[in-house]
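# Secondary and tertiary structure notes
Take a look at the letters that make up each chain.
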Amino acid sequence: MAEAAGNRPGVGGVLIKVQEDLQRLRDSVTHITVLDLQTLQTAIANTEQAVKEHVDEYLNSINNHIATLPLITDTEESSEQLATWKPQLDLLPLRRLPAARTSVGPTYPPSGQQHKLAANLKIMCNPANPSARDVLNQKYGVQLPMLSKRRPALAQPLRASPGSPGSCPPVVFDRDRYRGVSGPQERGLNPPTVQISVDQLPVSSRPALLFDRDKKLLATPKTDVVIRADPISGGEPGSVVAHKGIPAPPPSLASIKSAQRQRLRQSEQNRLVTTCEPKSPSVTPVQMSIARSSDFCFTICNGILDDTASDFLAFKQCYFLSWGSILSFLEHLLKLLKDYAVPMAVVNSQKAAELAVALELEGLPTLESLLSVLENEESVRDLVQRPGQRYKGQNGTEMAAIKIQSCWRRFRARGDYVKYRRQRWAAGVIAISWLLHAQMTRMKKALKESRKRHLEMFHTRAKHLAANWNHIRTSRRTIIHIPSLGFSLPQRLCVTDLDIEQNLQMGRLCDIQDPDVDVIYVSPVQLGDDLLQYYHRFLRLTSDISDERVKIITPEAIDHFRTHSMSLSTLLKYSPRTLKRIRNLIRGRSAYIVGGVLHSDDLDVAEALGVPILGSAPQVAQLYGSKSGSKRLFSGAGVPVPPGAYCIYNQQQMYEVLAQLVTSNLEVKCWLFKMDNEFGGWGTAYCDVTLMKSYKWALKEFRRYGFEKWSNLWAQEPALLHILEELPGFLEQHVQLVTKVRFSSWDVFLEAFLSQGGVVEAVPPSDSITNLTVDMLVEPNGEVSMMSCGDQIHAGSPFQFSGSTVPQSSMEPTDLHTLCMRIGETCKARGVLGYFSIDFVTFLHPRTMQQQVWATDLDLRYSDQLSMTQLMLMMSGGTLDCRSSSLEVPLPMSEVQGQDSLEGPGSSCRYAVMCPHLRHTNLSMVQYKVFLHMCQALGVGFDIKECQGTLLILHDNHRRQTLGMLTIADHLQGALMTFARNLSAIHQEISAPSMQGESNFQGLIKDIEGILGIAVKNQASAEMPTENLGTETTSAHP
């Protein structure tokens, strides 16, 4: 840009060239003797072309060229092109050229003359131009001194103000101004020979007047300066008029715009005329150079602009062509400064002019744009952003009132809106709650009707099953085994690995030994191909059984509800594809369901499949399946039960009942607390009352009164009061929980015990006790039969069942059969149907030394012992006679041929030890295929010909931490020893000294060793000529 500015031709040079062209034209015309029109036109055309080239070169070099637009009303001249410069033809001797075209309206100078006058004006404004001296002398008679030598000035970038016809002097930057360089003389731009005159300052010095401090000075009226754009009044547009005393109101925006439009029309008409008559310069060249500077800064004090200031006048003169837009911008700036009571603002004229032109078509300027033209922008911005500053300026009181009113109205509107929203929210909540309540009511009603219908259909199908049972059990039928534990949700949550717990009864598959039975087993876990193949081969060991008769099905809902602790019947209910498959499998056949713990979802499944359930109704199962319900049933059957109380729901009631039981049965040293819905020992606690001080005192009183007198209440009352007083604190300190899976302390256990109800019963007062379990079946036609009987084996705690020995050998079979039949008849009379198990405890009474039997528990479901018994009967091919407590297995063919044929087919007695739930965490590190090969190497296997050995029950493919084991031998001691040896060998094979794992192997081995020791003593005592009191084993009952 600097080079372009430096290479531009000067105005004087262009005019000199134009003069030379005119001189050549005049000389050529003078030498013409004979008028030749063609020669004259050629000379004029050449001259005109040369002048046009000079003018175009000059106009192209000027960046602030202004094109004159024609008047809107002059339609004829608007279409004409700009006339080029022509020489003065009046100087020619012959005037035969055509006359100039006249037009109606105001006359304007030709365009060439306009350019000539503009060029002369620029030459006069530039003292450095070599033609300035001649033009001033010719036009105004001003004789400038002759410059002998000119020093070339450095090329500086020229910046022209918008609309200015002349070029501007070199820019004075801020860094130069700070150093003191502000004029051409100081910067070395003027020649040293130029004489520069300095005008006398209008301010003169005079002594200051001193006033007496006691005198009060009268306040002089303030003079407000108002910028007014009123061309009609004869003043300059944008002039400032001061009125003393009364401040002039600022002009409105509409009046400013109308005045600006009128001023533009008048300036369009008079622009060319005024340029033809330039005024005499009133300042020296140095002052003119300063006045042409584009970097003005003027000050606005208290929102009032001084229009007489030299900086403002120079700024106005520099940007007079775009003064309309600048004036509008200044009005907005003054309004802002007045509104915020800004004491002083320094305006950068160049930024203001550029921004005013840029914002002319964009609308009102923003706050940021107004502040950007100020030199002290930061201070003014801080003042504008100060809270409350707006109310100190112009119309501050009115704005404060408006602000207060708007805030108050906003506050009231906000309060009303919040109230409305709160009411609307409340109405929505009420509506949603009502809809949910109505929907819940309809759903409960529908569920109630559905369950009522399902219950009616259950009884209808049960009646049909009872009427046709004799035909069904002898014909082709399908048994659907659903080993579901339909406990309540709190009970299911306290069971570890509920799906594995429901899959412990894989022995149900052995119902297939009846050739008329097909089995559909619904598995609660997904069994792999290797496990399915294992069971199919397992079932074909004794007979050729088709795989089509056994179907193991897994509900698809297991994949969706893995963490919800749902029972198997509930998962099957939400598995429509599995239900459809089962319906297709049982189509056209007699079928019934054998479940586990009955739940209402079992009725839904039976309704979906259209088959009956071999089991009790849910209400009957819930009533007699609890601990308190079993006590009622045992009392109705008239069988002996342990001392105790049931249906306890109050803490004081529990203390009083326990104190009375302890006082009446001082021979009992340990008492049990059982919840009604307890199973597996998790809801059982016990305490030893021999540690009570009052118990020891009561024993002394018992010895003093004797057994006969102690049965009277008056003898027991003092001991009862002492025991009742000591009992609460004693229980809190000395009660032991069987397992802490769900309850961590006695307080938590007591709260759950009282909320659900429970029983308090005595532990047999003997060191030699045996628990036994008997499985019963009440058929739909009313027949009651014993399915299995065995003595319990415990691992760890004496109150948790782990396994059993079949058949039982702890009491007389006839006495056991009599008790079981009495309980079975009572259950049939109370509506109990299907499979259930009874727990007994037998011991020698310490006072009479006679064997006693107590019925302790009733479990209305298909038991784990019964499933293992079915597996034992299928693999051995024998029969279990519970009336005589014997397991008869047919002899092998080699032994049968050696016997006398008159005696009939021979048989031998067998004993079995079974444990459905062996747990060892190290089993998960061994695959089943490797584990089976390892057991084969250890000698753990089953001999099909001899019908004895060990069978393994595998439960799942994923966790692989549990398994079941069945051992069959010729006698009980051999079966126990084989079972213990297998456990020890497997434990040593899968464990390392540093990684023993968690298991119940050691507890079972310890209990089996105790049983073997007692069995040896019983065998030795049986050989003595004394009365056989029965075989005893050391364990306890749950």
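Please refer to the structure placed before this passage.
The following paragraphs examine the structure supplied in this document. (Residues numbered from 1 in each chain as written. Predicted model: local features only at pLDDT ≥ 70, side-chain atom pairs only at ≥ 80, totals over all residues. Heavy atoms only, no water.)

With 72 residues, helix α16 (residues 396-467) ought to run about 106 Å at 1.5 Å a step, and its terminal C-alpha atoms sit 103 Å apart, in line with that. Buried within α16 are the following residues: G396, A438, S450, H454, F458, R461, A462 and L465. (Helix = DSSP H or I, 4+ residues; strand = E, 2+ residues; numbered from the N terminus. Expected span 1.5 Å × (residues − 1). Buried < 20%, exposed > 50% of the residue type's maximum accessible area, 1.4 Å probe, protein only.)

Moving on to the sheet that holds strand β4 (residues 304-305). Sheet architecture is open: 3 strands sit in the order β4-β3-β5, paired in antiparallel fashion. In this open sheet, the two strands that pair with only one neighbour each are β4 and β5 (344-348). As paired elements, strand β3 (residues 297-301) and β5 share 5 bridges and run antiparallel to each other. The residue bridging I300 from the neighbouring strand is A345, located in β5. Sitting on the sheet, helix α12 (residues 323-339) touches β3, β4 and β5, and the angle it makes with β3 is about 40 degrees. (Pairing = 2+ DSSP bridges. Contact = heavy atoms within 4.5 Å. Axes fitted to C-alpha atoms, helices over the stretch in contact; angles between N-to-C directions.)

Moving on, we come to the pattern of salt bridges. A complete count under the given rule lists 26 salt bridges for this structure. One salt bridge in this structure joins K335 and D339, with 3.0 Å as the shortest N-O distance. Taken together, the positions of K335 and D339, both in helix α12 and 4 residues apart, correspond to about one turn of that helix. With relative accessibility at 47%, the residue K335 sits in the partly exposed group. Notably, a salt bridge pairs R381 with E368, separated by 2.9 Å at the nearest N-O pair. Taken together, the residues R381 in helix α15 (residues 377-384) and E368 in helix α14 (residues 367-371) connect sequence positions 13 residues apart. Judged by relative accessible area, which is 14%, R381 ranks as buried. Looking at E368, the relative accessible area reads 46%, which means it is partly exposed. (Salt bridge = Lys/Arg side-chain N within 4 Å of Asp/Glu carboxyl O.)

Looking now at a positive patch on the surface. Together, K403, R410, R414, R421 and R424 make up a positively charged patch on the protein surface. As for its placement among the helices and strands, R414 is situated in helix α16. Given the relative accessible area of 48%, R414 is considered partly exposed. (Patch = residues over 30% accessible without salt bridge, like charges linked within 9 Å, V, L, I, M, F, W, Y side chains within 5 Å. Areas by Shrake-Rupley, 256 points an atom, 1.4 Å probe, with all protein chains shown as cover. Lys, Arg positive; Asp, Glu negative; His and termini not counted. Charge placed at Lys NZ, Arg CZ, Asp CG, Glu CD.)

For the rest of this paragraph, the subject is the side chain of Q716. Counting through the fold element by element, Q716 comes out in helix α29 (residues 713-734). Its relative accessible area of 6% is what places Q716 among the buried residues. Among the polar contacts listed, one links the side chain of Q716 to the side chain of S664, at a separation of 3.5 Å. The contact partners of Q716, leaving out residues within four places of it in the chain, are Q660, T663, S664, W710 and S711. (Polar contact = N/O pair within 3.5 Å; in protein donor to acceptor, adjacent residues only side chain to side chain.)

The subject of this paragraph is the packing of aromatic side chains. Counted under the stated rule, the structure contains 24 aromatic pairs. Members of the aromatic cluster, each reached through a chain of ring pairs, are F487, F673, F679, W682, F743, W746, F749 and F753. When the ring centre of Y705 is taken as reference, the NZ or CZ atom of R704 above it lies at 4.4 Å. (Phe/Tyr/Trp six-rings, centres within 6.5 Å; stacked < 30°, edge-to-face > 60°. Lys NZ or Arg CZ within 6 Å of the ring centre and 35° of its normal.)

Further remarks concern unusual backbone geometry. Omega for the peptide link from V806 to P807 comes to -5 degrees, which places this bond in the cis form. Structurally, P807 is set in the loop between β17 (801-806) and α31 (813-829). For C647, which is not glycine, the phi dihedral falls at a positive 55 degrees. Positionally, C647 belongs in strand β10 (residues 644-648).

So, about helix α30 (residues 746-756). Every buried residue belonging to α30 is among W746, F749, L750, A752, F753 and L754, and all of these are buried. Phi turns positive one or two residues past the end of α30, at G757, with a value near 90 degrees.

As a further point, take the sheet that holds strand β9 (residues 590-594). Taken in spatial order, the 4 strands line up as β8-β7-β6-β9 in an open sheet, and their pairing is parallel. The strands lining the two open edges of the sheet, one partner per strand, are β8 (550-553) and β9. Across this sheet, the average inter-strand angle for adjacent strands is 20 degrees, counted without regard to direction. Alignment of strand β6 (residues 477-481) against strand β7 (residues 517-522), held across 5 bridges, turns out to be parallel. Note that in β7 the partner of T478 across the bridge is D518. Against the sheet, helix α22 (residues 576-585) makes contact with β6, β7 and β8, and its axis sits at roughly 170 degrees relative to β8, the strand it touches most.

As a further point, take the pairing of strand β16 (residues 784-794). Summarising burial for β16: 9 of the 11 residues are buried, a large majority. Direction of pairing for strand β15 (residues 769-778) relative to β16: antiparallel, over a ladder of 7 bridges. Bridge pairing in β16 places L777 opposite S785. As consecutive antiparallel partners, β15 and β16 are separated by 5 residues, and within that stretch G782 has a phi angle of approximately 100 degrees, a positive value. Relative to β17, β16 is paired through 4 bridges, and the arrangement is antiparallel. Opposite Q792, over in β17, you have S804 as the bridge partner.

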